[in-house]
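Residue-level listing of the chains:
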Amino acid sequence: MTTAEIYQKLEPIIKTYLPEDVNASEIKRDSDLTKQLNINSAHLVDIVLDIEDAFDVEFKNEDMEKLRTVDDTIAIIKKKITK
Amino acid sequence: MEEKATVDMPNFENILEKLPYTEPFLFVDSLLAIDENGVEGIYKFSADSYFYKGHFKNNPITPGVILTECMAQIGVVCLGIYLMDIEASDNLKIALSSSEIDFYKPVYPDETVRVLSEKEYFRFQKLKCKVKMLNSKNEIVCKGSISGMILNENSGE
């Protein structure tokens, strides 16, 4: 799966949990999920659970610690699906 | 006799002591059962609780937000404390993250309710539960889903 393909599948998941005051057009590859996109910690967990279903992967606590930006998320997913 | 029994027995008192609430905002009297999948507890809404003075004028009925709080304290926080490493739960920080509750029956002053909670998942510090509250006639008062973040201050960021 290419980075672009992963992003295509990931973006709608993130969009679901964006607060009303953040526009979907603000989602960029280097966006910080909590600081810039204003996603709260509970919804960050929801995003991870949706990713697990969509990509058939499992996140560990250490993945969660590394997860800051959209690119971080893509990198973690990529590592897991190529394993 | 094998030496086990007491080791894994849930200590209800221990859990209640770790609750970060006190009067007039503690809505747990005791726990009846707890395991990794759920919890059951009771609370009596004393007629002299402060909110009856205002909800409603001359017609005291327990506010829905208070019923929700009671379900959250028993169903999510008590269970969260049990699921966390009990040693590490001294610096517990908790936050309600979402709730969706339907209400069916009123709860009047001095009624005792029973809360049953079933864990949906506890991952990355988010605990989501299906909760319901029953009155003394075993009628459903309210039910729904509540989730919260259970954080340990010592566990880093």
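Residues numbered from 1 in each chain as written. Chains lettered and ligands numbered in written order. Predicted model: local features only at pLDDT ≥ 70, side-chain atom pairs only at ≥ 80, totals over all residues.

J.: Any details on the pairing of strand E5 (residues 126-134) of chain B? Residues and values, ideally.
T.: Residues and elements named next belong to chain B. Across nine bridges, strand E4 (residues 112-123) lies against E5 in antiparallel orientation. Within E5, the residue paired with Lys119 across the bridge is Cys129. In this antiparallel pair of consecutive strands, E4 and E5, the connection spans two residues, and Phe124 shows a positive phi of 45°. Hairpin geometry of E5 and strand E6 (residues 140-152) is characterised by an intervening segment of five residues between the two adjacent antiparallel strands and by a positive phi of about 65° at Asn138. (Pairing = 2+ DSSP bridges. Helix = DSSP H or I, 4+ residues; strand = E, 2+ residues; numbered from the N terminus.)

J.: Got a sec to walk through the sheet that holds strand E2 (residues 38-44) of chain B? Specific residues and values, please.
T.: Judged by pairing direction, the sheet is antiparallel, and its six strands sit side by side in the order E1-E2-E4-E5-E6-E3 (chain B) without closing on themselves. Looking at strand neighbours, the two that pair on one side only are strand E1 (30-35) and strand E3 (92-103) of chain B, the edges of this open sheet. Direction aside, neighbouring strands of the sheet carry axes that sit 20° apart on average. Here E2 of chain B runs beside E4 of chain B; their pairing, made up of seven bridges, is antiparallel. Paired with Gly41 of chain B across the two strands is Val115 of chain B, which belongs to E4 of chain B. The strands touched by helix H2 (residues 41-55) of chain A within the sheet are E3, E4, E5 and E6 of chain B, with E6 of chain B carrying the most contacts at an inclination of about 95°. Packed onto the sheet, helix H2 (residues 64-83) of chain B meets E1, E2, E3, E4, E5 and E6 of chain B and runs at close to 50° relative to E4 of chain B. (Axes fitted to C-alpha atoms, helices over the stretch in contact; angles between N-to-C directions. Contact = placed C-beta atoms within 7 Å.)

J.: Any details on the interface of chain A and chain B? Residues and values, ideally.
T.: Taken together, the contacts link seven residues of chain A with seven residues of chain B. Of all the secondary structure elements, the ones that give two or more residues to the side of chain A that touches chain B are H2 and helix H3 (61-66) of chain A. Element by element, the count of residues in the side of chain A that touches chain B is highest for H2 of chain A, at five residues. Residues of the side of chain A that touches chain B, tallied by class, amount to five nonpolar, two polar and no charged. (Nonpolar A, V, L, I, M, F, W, Y, C, P; charged D, E, K, R; others polar.)

Interpretation in functional terms is not warranted from these geometric data alone.
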